[in-house]
Amino acid sequence: MPVGIFRVCLVVITAIVNHPLLFPKENGTVPENAEEIIKKMKEREETLRLAQLRLEQEIAEQEATQKALEKAAEVVEESKEEKVQWDMWTALSMVIFLLIELWRQDFQEGNWQDTGGEEDDMAVLGKAFKGVAFPGKAVLASFYEKRILGTTGDMARMREMVEGFADDLLEALRSVCNRDADMEVEDCIGVGSMYENWRVRKPFVCDLIVPFAPPEPYCFRSQTWCSGGSFPPDEQGYGTIKVCRADEDVTGCICDKTKLGEDMLCLLHSQANTTRPSSEMEDLLCFKNTQYLDADQVMKWFQIAVTKAWNRISHKYEFDLSFSLLDSPGALKIKFRSGKSIAFNLTPVVQYENSDVYFISHFPRRGLTADLPSSTRWFLTFAVYERRFIQLVSKTLPANACHVSCLQILSFLHGKQCSLTGPSGLTNYHLKTVMLHLLQARPSQDWAPEKLEARLQDMLKFLEKCLHEKKLNHFFIGNGKVPAELGFPIIFQRAEPLNLFRPFVLNRDVYRKTVDAFHEMLRNMSALISEYTVHIPLAHTNGIHKESF
């Protein structure tokens, strides 16, 4: 603005100074051609006037530009203030979200039980279950005594018979195998419901696992999904087993990763230790053209070895032995001449390092679960630690504690419902996992025998919540509260929790069928229990009462 005014003044002063009338010639006379001079002066004046108008227009444009810049600066300032306010709200929202997430995780780990005690045992169950009849304490006690308690003695006798025969069969198996070429079989280990004393459904089936190792000079080297291997999300809980020579460098020599050249040799590895031929690896039960142990090959070898072993000792027994199920290669059945039979599972496994975790070659097909992803992927079983944990906790519980009774009743109800509506995605292993979580979360005194009804409601409540969230974490994997007395491997405690209900997230049809079956089991619970319960006078019991599910 000041520059424009200065330019206008300069033009005016110049015009005045150059005006011919202000400084006339020395003779002081007016020229003769006065009209021509006046005409030029008017032209000059018109030119100056146009210049002045142009300057004024430029000054106006500059003022408009200046105002626009000032306005833009104000808008930018306002936007900065709004951005600061928005960033503040965003940060506050993130803090609130993190607090909610932390609370939700604590809630899922069992803290939900500390807020209400026994008075709100059924509070979490959905509104759709209001009015479902729940058996009273006396009805449950009578049902347990009449239907379940008598099976304990039968299980003990069957375990003793099966274990004795299995030991004899495995001893014969060792004698028919080539110790220089075949796998070395160790003693069997009893796991599962028969050895944890909670199986209720007949026929009783003993589950025995048989650890085996490769012949010298070979050894197994395993890798799990949580030890850095490349395993997709649907293969969590699996691992691979590599067959190697015992004298191979465990730290990993670079000679098998780098081309040394034709005229160079590794000083640590002689030519005798080069890669084995494909046929030799297949003899070691590996997948074709790899060093990875093949579960299908292992089961074929084991079936052939068991058949040879039985042929050697069959003359000593007055019964027949056969493989009973096509989808369970380790399922065996003893058939007596009287027509009675005993079933048991004999499954080869590989020990994980020096622990009681095992890679299991095959699981019997249960429910609606999917098949194994690959024959070189081995599932890890923690069954030995589960049995040991139940035994450890039972020592701290009151006499005749109700934890096993709750699991037996729930397993019975689930089995009866499956016989009515067909199998679902829910298995007895899921039910046992629920009990393990509650055993760790509840105080010891809460498992007194007179609290059977409340703890059974706890298990139903916990299971309904897990189905609703499609999330039931494996008890051991990712559980940092495992008692140190168990000697459980720390690598699995530090792993991410393994969701046993992940198949429900991926398969909506299976999830819907499972939830429907669970809901129907709740509605049929009173009728199923009453069917196996003796008549109890109303004066001595609360009967079957309504619970607000």
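For clarity, every value in this text was computed on a predicted model and none was experimentally measured.

Undergrad: How should I be thinking about the overall build of the chain in this particular structure?
TA: Helix and strand counts for the chain stand at 14 helices and twelve strands. Burial status across the chain gives 41% buried among its 549 residues. Accessible surface for the chain amounts to roughly 31,900 Å². Of this, 54% is attributable to carbon and sulfur atoms.

Undergrad: Help me understand unusual backbone geometry in this model?
TA: Note: most peptide bonds trans; most residues except glycine with negative phi. Cis rather than trans, the peptide bond between lysine 202 and proline 203 has omega equal to 5 degrees. Among the secondary structure elements, proline 203 is positioned in the loop between helix H5 (193–196) and strand E4 (205–213). Omega for the bond connecting glutamate 216 with proline 217 falls within 30 degrees of zero, at 10 degrees, which places this linkage in the cis form. Secondary-structure assignment places proline 217 in the loop between E4 and strand E5 (218–224).

Undergrad: Sorry if this is basic, but what is going on with the pairing of strand E8 (residues 328–336) here?
TA: Looking down a regular strand, the side chains alternate between one sheet face and the other. In this structure, strand E7 (residues 319–325) lies alongside E8, joined through six bridges in antiparallel fashion. Bridge pairing links leucine 321 to isoleucine 334 in E8. As judged from the five bridges shared by E8 and strand E9 (residues 341–351), these two strands associate in the antiparallel manner. Its bridge partner lying in E9, alanine 331 is registered against asparagine 345. Joining the antiparallel neighbours E8 and E9 is a turn of four residues, in which glycine 339 adopts a positive phi near 105 degrees.

Undergrad: Which parts of the structure should I look at to understand helix H11 (residues 452–469)?
TA: For an α-helix, 3.6 residues make a turn, and residues three or four places apart therefore share a direction. Over its 18 residues, H11 runs 26 Å from end to end, which matches the ideal 26 Å to within 8%, given 1.5 Å per residue. Along H11, 16 of the 18 residues are buried, which leaves the element largely enclosed by surrounding structure. Within two residues after H11, lysine 470 carries a phi angle of roughly 55 degrees, on the positive side.

Undergrad: When you look at the environment of aspartate 320 in this model, what are you seeing that I'm missing?
TA: Tracing the sequence through the fold places aspartate 320 in strand E7. Sequence separation between aspartate 320 and isoleucine 334 is 14 residues; the distance between their C-alpha atoms is 5.8 Å. Discounting residues that sit within four places of it in the chain, aspartate 320 has contacts with Trp310, Lys333, Ile334 and Lys335.

Undergrad: Any chance you could explain the pattern of salt bridges here in plain terms?
TA: Any two side chains of opposite charge can pair, so long as their charged atoms come close to each other. Enumeration over the complete set of coordinates arrives at 14 salt bridges. A salt bridge links aspartate 446 to lysine 451, with the nearest nitrogen and oxygen atoms 3.7 Å apart. The partly exposed category is assigned to lysine 451, whose relative accessible area is 22%. Aspartate 516 serves as the salt-bridge partner of arginine 512, at 3.3 Å between the closest nitrogen and oxygen. Within this pair, arginine 512 and its partner aspartate 516 are both found in helix H14 (residues 508–531), separated by four residues, close to a single helical turn. Among the charged side chains, a salt-bridge network with shared partners connects Arg442, Asp446, Lys451, Arg455, Asp458 and Lys461.

Undergrad: Explain a nonpolar patch on the surface to me, please; I cannot follow it from the model alone.
TA: On the surface, Leu92, Ile96 and Ile100 cluster together into a nonpolar patch covering about 270 Å² of accessible area. Locating isoleucine 100 in the fold gives a position in helix H2 (residues 34–108).

Undergrad: I keep staring at the packing of helix H9 (residues 403–421) against H11 and nothing clicks. Help me out?
TA: Each pair of packed helices can be summarised by the angle the axes make with each other and by the distance between the axes. Between H9 and H11, the least distance of the axes is 9 Å, while the angle of their chain directions is 55 degrees. Here H9 lies oblique to H11, going by the angle between them. For the pair H9 and H11, the sense of crossing is right-handed. In contact with Ser405, Cys406, Leu407, Ile409 and Leu410 of H9, H11 contributes Leu452, Arg455, Leu456, Met459 and Leu460.

Undergrad: What exactly am I supposed to notice about the confidence of the model for the chain here?
TA: Where the model shows low pLDDT, its predicted coordinates should not be examined in detail. Of the residues in the chain, 73% have a pLDDT of 70 or more, and the chain-wide mean is 79. With pLDDT under 50 throughout, residues 108–124 is counted as low confidence; its partners more than four residues away or in other chains account for 30 contacts.

Undergrad: Would you mind showing me how to read the packing of aromatic side chains here?
TA: What characterises a pair of aromatic rings is the spacing of the ring centres plus the angle enclosed by the ring planes. Throughout the structure, instances matching the rule amount to 28 aromatic pairs. On the numbers, 5.5 Å between centres and 65 degrees between planes, the contact of phenylalanine 319 with phenylalanine 336 is edge-to-face. Placement of phenylalanine 319 in strand E7 and of phenylalanine 336 in strand E8 is noted, with a sequence separation of 17 residues between them. The interplanar angle of 55 degrees and the centroid separation of 5.8 Å between the aromatic rings of phenylalanine 504 and tyrosine 511 together place this pair among those described as tilted. Classification of phenylalanine 504 as buried rests on a relative accessible area of 3%. We note arginine 159 situated over the ring of tyrosine 195; from NZ or CZ to the ring centre the distance is 5.9 Å. We note arginine 245 situated over the ring of tyrosine 218; from NZ or CZ to the ring centre the distance is 5.8 Å.

Undergrad: What exactly am I supposed to notice about the state of the cysteines here?
TA: The bond known as a disulfide is covalent and runs between the sulfur atoms of two cysteines. On inspection of all chains with the given rule, the structure shows zero disulfides. Free cysteine cysteine 406: the closest other cysteine sulfur is in cysteine 402, separated by 4.3 Å. By relative accessible area, which is 0% here, cysteine 406 ends up buried.

Conventions we followed
- Residues numbered from 1 in each chain as written.
- Predicted model: local features only at pLDDT ≥ 70, side-chain atom pairs only at ≥ 80, totals over all residues.
- Heavy atoms only, no water.
- Helix = DSSP H or I, 4+ residues; strand = E, 2+ residues; numbered from the N terminus.
- Buried < 20%, exposed > 50% of the residue type's maximum accessible area, 1.4 Å probe, protein only.
- Areas by Shrake-Rupley, 256 points an atom, 1.4 Å probe, with all protein chains shown as cover.
- Pairing = 2+ DSSP bridges.
- Expected span 1.5 Å × (residues − 1).
- Contact = heavy atoms within 4.5 Å.
- Salt bridge = Lys/Arg side-chain N within 4 Å of Asp/Glu carboxyl O.
- Patch = residues over 30% accessible without salt bridge, like charges linked within 9 Å, V, L, I, M, F, W, Y side chains within 5 Å.
- Axes fitted to C-alpha atoms, helices over the stretch in contact; angles between N-to-C directions.
- Parallel < 35°, antiparallel > 145°, perpendicular 65-115°, else oblique.
- Left-handed = near helix turned anticlockwise from the far one by under 90°.
- pLDDT = per-residue confidence, 0-100.
- Phe/Tyr/Trp six-rings, centres within 6.5 Å; stacked < 30°, edge-to-face > 60°.
- Lys NZ or Arg CZ within 6 Å of the ring centre and 35° of its normal.
- Disulfide = S-S within 2.5 Å.

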